[in-house]
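Observations on chain architecture
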2 protein chains.
Amino acid sequence: MSHQEDMTAFISSFVAELSIAGVEDVVISPGSRSTPIALIMAEHPRLRLHIHVDERSAAFFALGIAKASYRPVAILCTSGTAAANYYPAVIEAGISRVPLIVITADRPHELRDVGAPQAIDQIHLYGHNVKWFVEMSLPEAGEDSRRYARTVCARAATTAASFPSGPVHLNFPLREPLIPNLYEGMFDMLERPEGYVGIHQGKLTMPDSFFEKLADDLHSCEKGIIICGPLEEAGFVEEVVLLAEKLKFPILADPLSQLRSGGHSEKYIVDAYDTFLRNENVKEKLKPEVIIRFGAMPVSKALSIFLKENRNSRQIVVDGGNGWRDPFMSATDMIYADEPQFCKSISSFLCEEKENGYTRKWCELNNMTKDLLSRVRDTEELSEGKLFHMMAELLPENAVLFVGNSMPIRDLDTFFYFNKKNIRVMANRGANGIDGIISTASGVAAHSGPLYLVLGDLTFFHDLNGLLASKLNSLNINILLINNNGGGIFSFLPQASHPKHFEKLFGTPLDLDFRLATEMYGGTFDRISQWDGFREAIEKNMHKNGLKVMEIVTSRDVNLKEHRDLWNYVSREIDVLLEGGAQ
Amino acid sequence: MSHQEDMTAFISSFVAELSIAGVEDVVISPGSRSTPIALIMAEHPRLRLHIHVDERSAAFFALGIAKASYRPVAILCTSGTAAANYYPAVIEAGISRVPLIVITADRPHELRDVGAPQAIDQIHLYGHNVKWFVEMSLPEAGEDSRRYARTVCARAATTAASFPSGPVHLNFPLREPLIPNLYEGMFDMLERPEGYVGIHQGKLTMPDSFFEKLADDLHSCEKGIIICGPLEEAGFVEEVVLLAEKLKFPILADPLSQLRSGGHSEKYIVDAYDTFLRNENVKEKLKPEVIIRFGAMPVSKALSIFLKENRNSRQIVVDGGNGWRDPFMSATDMIYADEPQFCKSISSFLCEEKENGYTRKWCELNNMTKDLLSRVRDTEELSEGKLFHMMAELLPENAVLFVGNSMPIRDLDTFFYFNKKNIRVMANRGANGIDGIISTASGVAAHSGPLYLVLGDLTFFHDLNGLLASKLNSLNINILLINNNGGGIFSFLPQASHPKHFEKLFGTPLDLDFRLATEMYGGTFDRISQWDGFREAIEKNMHKNGLKVMEIVTSRDVNLKEHRDLWNYVSREIDVLLEGGAQ
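Owing to the predicted nature of the structure, the values given are computational and were not obtained by experimental measurement.

1. Quick look at the side chain of Asn419(B)
All names here are of chain B. For Asn 419, the position within the fold is in the loop between helix 15 (407-415) and strand 14 (424-426). Of the polar contacts made by the side chain of Asn 419, one reaches the side chain of Ser 261; its length is 3.0 Å. With residues near it in sequence (within four places) discarded, Asn 419 still touches Arg 260, Ser 261, Gly 262 and Ala 392.

What follows is the structure, given as C-alpha cells:
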C-alpha cells in the first residue's frame, strides 16, 4: 500500500472507533498538518463537525458541548502554538471534570527541534493537566496498526469519560503528503464492527456495614446539615432530597447543585444562606454537629467561613471522583463513593426521623431572609441584584442559565432562589476563570436551549472571538451583558480602599461600545435603560433566533452600595426578630 | 514585622532589582492574587506599566516590546487559567529567542489541589518551554529573604536575556491579606544599591587556528553562497556584508535577515531567489560547493528545496545560540559561535578574492528576475503581490514593517527587494502561528515606529482583542488588512484540489465587517478598492495618530492564479534567456 493508503486506513479506523465510543461532536480549527484527520472526520456520517478559527474559543466551545451532553467531545488542531491555545480550556476541563479528547497533529520525528516551521514540543504539552497523554505511532500498514489505533481511541474516550472525567491528549505525527485516499466504506470495520473494546467502568461503593454504621451515627445526631456544591451526577438530586427527608437535615444548595430549580420537594432546601450566614448571632445559633458535603466547593464566601469556623464538628466529604475538595482542612471523613449510591445506601438504613428545632431554625431563617431580600425588587434603578431576583420568573421552561465568574455567580447565589421550573444552571467553576465563557455557553447552546448567558463586560471582552461560533453555527443564544465598565468584583476587595492605582490596575474601564462587536457577528443588540425595557427585551428575544445581546448598564459604586445596604438591612432585621423571640 | 510588612519588603526588593537588571516595561493583567506585586510595580518610578485584560494578548504584547527593544519584558497575572493564556506567547518567545520574564501569582501551598477557587497546578506550568522555572518561597522576614528575592530576580533577567534568549517563569505563592504596606523609599536598596549581582555573559568563540583553517577552505572554493535567515544580532549585517565582499560570495537574504533594507552595500545581496530557484535549469547551473548559513530557517520553500537537493555540498550552519537549525539533515558543520564575531574572524584571515563567474550568475539571475517580476506593477486589480512590491517605496524612513504568517511573509519574500531605507522587518517566526500578531506588532509600536502591520483576515480575527492595546495605550499603528475572506494559503496546498470539504475545513470564510471592530476600538477604517486610493490612504494616515486599518479586499482564486502565472512567466523567460546565452 502507498503512504496515503496506510495513513487513510489508520486514521479512518481511529475516527470510526471515535464514533462507536460515543463521540458525536468534533470541533475543528483549520490547519495544514491536521488535514488527513479533518478530511476523514468530515467524511464520517455520524460525527457533527463544528469549525472555529480561534483554538482558545474552540476548546471552550467543545467544553460547553461536553458539559451539556455529558459526552466526550473531540477537538482537533494543527501543529504549533495552535495547540497551546487549548491550554486554558484543558485545565478547566480537568478541574471541573469534563471529558475532552484533545487531538493535535504534529510534525514527524525528523522535523522536531530542528527549526522546521510550526514545530513546537508537543510531547506532554499540557503537563499534568490531562488524565492521559499518548504520542501516537506514525500511521503504518497492517492490521495490527489498525487495532492499535482503535484500542487507543477506545481507551481515550473511556478515560476521558470515566470518573473523574477530564481531558486526554493524543498527539499524531503525520508525514506529507497529507491528503488521504478517501474511499467508500472506509469506516466499515470488518473486525469487531460494534467497537473494538468496550470498557465497562465500575462505580465506587463501600460495604453495607460501613453505611449501616454511618446511618446509625447520623440518626443519633440532632444538628446536622447537608451541603451540596456544584455537582451534576445523574440521579443525585432525587436521592439527596430523599436522604434529607429521612434525616430531616436542611440542604444548603449551591446554585450549581441543580437543587434550586426542578420538580423535587423544596421543603428542606436552603438557598439564602449566603446572606444570613453573614450574621454572627445566626451562626452562633446554627452551629452544627455534623456536616455532609457533596460536590465541588460552594461559591458562597459566607458559607466557606461557616465551614472554617466549625472545624470541630464532624465534616464528611463525599466524592465519587477521588478528589480532595477541602480547602479549609475541615474534613473529618473523606468518603470516596458514588454520590447517588451513597445517599441511597444511607437512606436504606434509616427510619423516618422526627423533625427537630435545629432544622426548623434553618428553614425559618431562610424564609425570613428571602422575604427581606425581596425588597430588592423595589429598586427602580438598574441593579445586578434585582436582575438575578427576576431570572427565575422570566426564564422560560427548560432554559439553561449560564453565568460568568466574578460577580454574576455570586449575585446568582444571593438572589436566585428555588423554583419549580426545569432550569439547568451552569458555570465554569473548575478554575473560575473569566476566559472562554462566551464559547463555553455557545457550546452548551449548540446542544441544549434556550440558553441565557449572564456575564460582566470584562468577561464578555475576554472571549469576544467566541461570538463567531454563534454566527458560523447559527446558534440561538441570549446574552445579558452587565456592563459596569470594568472589574466590578474588585470594589468588594480590600484594594478598593487604596484609590491611588485602583482604576488603572483593577477597575480597568474599557469604554467599549459592544453594539459594534455584536453587529459584526450578526447579532441584535438592545441597550436596556429601565426595567420595563428589560422585560420587553427578554420576551421579544424569546421568539427570535440567533445571537441577541441585551446590555444592562450599571455602576460599580452603586452596586457595591446596594449589596452592602441590603446585607446590613437583612442582618439588622434578623437581629431584631431573633431578639423578639422568633428563635 | 507584620505579614504585610514582610511581604512588602520581599516584593519591593524583587521589583527594585527588576529595574536595576534592565527591565523597563511590565505588562499587567488585572487580578486579585497578584495585587501586592501589581501595586508595588505601579509605585516604582522607572517601570512603565501597560495594562491588558486578555492575558493571551498581554503576553504577545510583551513579546513585541521585547523584540523591538532587545530587552527583557516582565508580564504579571493572577492565579488560575489566566497564566495558561500566556502559553502561546511563551512558546513563541522560546523558539524565536526573545527574553520574557513571566511572573504568576499563586495560591499558597495549603490552598493547592484542595478545591480552592482559581487554583490550578502552576508548578512547571509551561513545561520545557521556559529556560528556567522558580517556585518562589513565601515572602518571609529578614535580610536573607530580601537577598534571595534580589538574586533570583537578577538571575531571571539574565537568564532570559542571555544566549539564546527566551522566557523564564517565576511563580509567587502569596497569602492574604494581599494589600502591601507601601512606604517612601521602599525601593532604596541599602545593600549593593547598584544591583545585587551583575551577571556577565560571555560569547561563544573558537580558537584562531579553527577560523584560519576554515578561511583557507573557503578561499579555495569557487562556488560558495551565504544564506542569511531571520537574525537580529547587533553588528551582524555589517560583518556579513564585509565577509561576502572578501569571499565574493552572494548573500541570499531572507526578508527577516535585516539585509534587504539599509545603508550597506547591495552588491552581493540576492533577494529574488524565491522565484528563480523554482526553475530546474537555474538550480542545475547554481549548484554550490559550500553554503554558509546564519539565522533561523529562511521562509522560502524554493530555497528549502535547494538546500535539500544540495546535501552533498558542504553546508556550514553558524549559530551563536547552540540550537539545531537543520530540518533537512543537510548540515555538514555545526559551528556554535557568535555570528558577527565569526564573520569578523574569518574575514581577518582572508585576502580579497577575485570575482568569479558563479557569483556573477547569481547576481545576473537576481536582477533579471526582479525586472521580470516588476510587471506585477501593471496589475490594475488589487493584488497581494503588487502591494508588497510597493511597500519599499511607500514606507517612510525608519518604519517597522511587521508581517503576518501564512501568505504575507511569503509575499514579502517574493516581492519586497533591497532598498536603502532604514526599515526593520519583523514577524513571529518561532512557531509561525497566526495567533497574537496584532498584539506583538502593538508591542513593537509601543517602542518603535512608525509601525506598519500587514496581515490576512484570519490572523486579524484571531487576535482582534489585541486591538485593545492601541486604545488603552494610544498607540500609533497602521494595519494593512488583506481580506480575502478566509485562509488564502490553503489554495496553494494539495487540499485545494479536493473541493468536497475545502471551503468548510480550509477556506473558512468568516464574512465579517471588520470596520465595526475597528471603530469599537476607536480606530479609523478605510476600505481600499483601487490602487490610487491605497496610496492616498497610506499617505493620509502617515500624518495621523492612533489605530488606522486599511482593508484591501482580494480574492483567493485570483491571487493563486496571479502567483502561478507570474512564476511560470518568469521561469519561461529565464529559460529563453539562458538558452540565448545569458549564462
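2. Focus: the pairing of strand 10 (residues 290-294) of chain B
All names here are of chain B. The buried fraction of strand 10 amounts to five of the five residues, a majority that puts the element mostly inside the structure. Residues of strand 10 alternate between two faces, with Val 290, Ile 292 and Phe 294 on one and Ile 291 and Arg 293 on the opposite face, all of them buried. Bridging between strand 7 (residues 224-228) and strand 10 involves five bridges; their strand directions are parallel. For Ile 227, the partnering residue across the bridge sits in strand 10 and is Arg 293. This β-α-β element, strand 10 to helix 11 (residues 301-309) to strand 11 (residues 314-318), shows right-handed connectivity.

3. Describing the sheet that holds strand 4 (residues 100-106) of chain B
All names here are of chain B. Taken together, the six strands give an open sheet; going across it, the order is 2-1-3-4-6-5, and neighbouring strands pair in parallel fashion. Unpaired on one side and paired on the other, strand 2 (48-51) and strand 5 (132-135) mark the two borders of the sheet. Direction aside, the axes of adjacent strands within the sheet are offset by 20 degrees on average. When strand 5 meets strand 6 (residues 167-173), the two strands line up parallel, connected through four bridges. By the bridge assignment for strand 6, Phe 133 is matched with His 169.

4. As for the domain arrangement of chain A
Residues and elements named next belong to chain A. By domain assignment, chain A separates into domain 1 (3-173), domain 2 (208-368) and domain 3 (379-565). Relative to domain 3, the C-alpha centre of domain 2 lies at a distance of 30 Å. Contacts between the two partners involve 20 residues from domain 2, matched on the other side by 17 residues from domain 3. In total, about 1600 Å² of surface goes out of reach between domain 2 and domain 3, with carbon and sulfur atoms giving 50% of it. Contact with domain 3 buries surface across domain 2, with Leu 256, Arg 260 and Val 299 losing the most and accounting together for 34% of the total. Put simply, domain 2 and domain 3 have two salt bridges between them. Between Arg 424 and Glu 232 there is a salt bridge, with its nearest N and O atoms 2.9 Å apart. Counting the contacts that link domain 2 with domain 3 gives twelve residue pairs in polar contact (both at pLDDT 80 or more).

5. Things to note about the pairing of strand 16 (residues 477-483) of chain B
All names here are of chain B. The buried count for strand 16 comes to seven of seven residues, which makes it a mostly enclosed element. Side-chain alternation along strand 16 places Ile 477, Ile 479, Leu 481 and Asn 483 on one buried face and Asn 478, Leu 480 and Ile 482 on a second face that is also buried. Taken together, the six bridges between strand 15 (residues 451-456) and strand 16 define a ladder with parallel strand orientation. Bridge pairing in strand 16 places Leu 455 opposite Leu 481. Here seven bridges tie strand 16 to strand 18 (residues 547-553), and the two strands are oriented parallel to one another. Within the sheet, the bridge partner assigned to Ile 482 lies in strand 18 and is Ile 552.

6. Here's the deal with the packing of helix 7 (residues 208-219) of chain B against helix 12 (residues 339-348) of chain B
All names here are of chain B. Orientation of helix 7 relative to helix 12, taken along the N-to-C sense of each, is 70 degrees, at an axis distance of 8 Å. Looking at the two axes, helix 7 sits roughly perpendicular to helix 12. Crossing of helix 7 against helix 12: the hand is right-handed. Here Phe 211, Leu 214, Ala 215 and Leu 218 of helix 7 come into contact with helix 12, specifically with Phe 342, Ser 345 and Ile 346. Class assignment for the residues of the contact of helix 7 with helix 12 results in six nonpolar, one polar and no charged.

7. Let's talk about the interface of chain B and chain A
Contact with chain B, which involves 77 residues of that partner, is made by 78 residues of chain A. Summed over both sides, the interface of chain B with chain A buries roughly 6700 Å², with 65% coming from carbon and sulfur. For chain B, the biggest contributors to the area lost against chain A are Phe461(B), Leu505(B) and Met520(B); these three give 10% of the whole. The residue Glu43(B) makes a salt bridge to Lys500(A) at a minimum N-O spacing of 2.7 Å. Inspection of the region where chain B meets chain A yields 28 residue pairs in polar contact (both at pLDDT 80 or more). Looking at the side of chain B that touches chain A residue by residue, the classes come out as 44 nonpolar, 16 polar and 17 charged.

8. Structural notes on the packing of aromatic side chains
Considering all chains together, one arrives at 30 aromatic pairs over all chains under this definition. Measuring from centroid to centroid gives 6.4 Å for Tyr358(B) and Trp362(B), while their planes differ by 75 degrees, and the two rings are edge-to-face. Pair noted here: Tyr358(B) and Trp362(B) are both in helix 13 (residues 357-373), with a separation of four residues, about one helical turn. Assigned by exposure class, Tyr358(B) and Trp362(B) land together as buried. Ring pairs connect the aromatic residues Phe210(A), Phe211(A), Phe236(A), Phe294(A) and Phe342(A), which therefore count as one cluster. Across the ring face of Tyr569(A), the terminal group of Arg375(A) is positioned such that the distance to the ring centre comes to 3.7 Å.

9. Notes on the UniProt feature "domain: Menaquinone biosynthesis protein MenD middle" (unreviewed entry) in chain A
Listed under "domain: Menaquinone biosynthesis protein MenD middle" (unreviewed entry) in the UniProt record, and renumbered for this structure, are residues 221-403 of chain A. Taken end to end, residues 221-403 of chain A has its terminal C-alpha atoms 37 Å apart, with 38% of it in helix and 15% in strand.

10. What about the UniProt feature "domain: Thiamine pyrophosphate enzyme TPP-binding" (unreviewed entry) in chain A?
When the UniProt feature table is mapped onto this chain numbering, "domain: Thiamine pyrophosphate enzyme TPP-binding" (unreviewed entry) sits at residues 437-552 of chain A. Secondary structure across residues 437-552 of chain A comprises 41% helix and 21% strand; the distance between its end C-alpha atoms is 18 Å.

11. Re the sheet that holds strand 5 (residues 132-135) of chain A
Residue and element names in this part refer to chain A. Taken in spatial order, the six strands of this open sheet run 2-1-3-4-6-5, and their pairing is parallel. The strands lining the two open edges of the sheet, one partner per strand, are strand 2 (48-51) and strand 5. With direction set aside, neighbouring strand axes in the sheet form an average angle of 20 degrees. Along the sheet, helix 6 (residues 143-161) makes contact with strand 4 (100-106), strand 5 and strand 6 (167-173), crossing strand 5 at roughly 160 degrees.

Conventions and cut-offs
For every chain, the first residue of its written sequence is number 1, and the numbers climb from 1 along that sequence. Following the order in which they are written, the chains are lettered starting with A and the ligands numbered starting with 1. Note on the predicted model: pLDDT of at least 70 is required for a residue's local features to be given, and 80 or more for side-chain atom pairs to be given and counted; whole-chain, interface and lining totals, by contrast, use all residues. Only hydrogens and water are set aside; all other atoms, that is, all heavy atoms of the structure, feed into the side-chain values. Going along the chain from the N terminus, every DSSP run of H or I of four or more residues is numbered as a helix, and every run of E of two or more is numbered as a strand. Contacts described as polar in this section are N or O atom pairs within 3.5 Å, which, within protein, must combine one atom able to donate a hydrogen with one able to accept it, while residues neighboring in sequence count only if both atoms come from side chains. In what follows, residue pairs with any heavy atoms lying within 4.5 Å of each other are defined as contacts. When a residue's accessible area, from a 1.4 Å probe over protein chains only, is under 20% of the maximum for its type it is buried; when over 50% it is exposed; and in between it is partly exposed. Each pair of strands is called paired provided DSSP finds at least two bridges between the two strands. When the strands point away from the viewer, a crossover counts as right-handed if the path from the first strand over the helix to the second runs clockwise. Working convention: axes come from line fits to C-alpha atoms, limited for helices to the stretch in contact. Angles between N-to-C directions cover 0 to 180 degrees. Start and end positions for the domains come from either an automated domain assignment or a database one. The buried area of a pairing is the accessible area, by a 1.4 Å probe, that goes missing from both parts when the two are put together, added over both. Take a side-chain nitrogen of Lys or Arg and a carboxyl oxygen of Asp or Glu: if they are within 4 Å of each other, that pair is a salt bridge. Reported orientations rely on four angle classes, namely roughly parallel under 35 degrees, roughly antiparallel over 145, roughly perpendicular from 65 to 115, and oblique for the rest. Here a crossing is called left-handed whenever its near helix is offset anticlockwise from the far helix by less than a right angle, and right-handed whenever the offset is clockwise. Under the scheme applied here, ten amino acids are nonpolar (Ala, Val, Leu, Ile, Met, Phe, Trp, Tyr, Cys and Pro), four are charged (Asp, Glu, Lys and Arg), and all others, including Gly, are polar. Two rings belonging to Phe, Tyr or Trp (six-membered ring only in the last case) form a pair when the distance between their centres is within 6.5 Å. Interplanar angles under 30 degrees mark stacking, angles over 60 mark edge-to-face geometry, and anything in between is tilted. By definition here, charges over rings are those cases where NZ of Lys or CZ of Arg is within 6 Å of the ring centre and within 35 degrees of the ring normal. UniProt positions are given in the numbering used here, feature names are shortened, and annotations may be inferred rather than shown by experiment.

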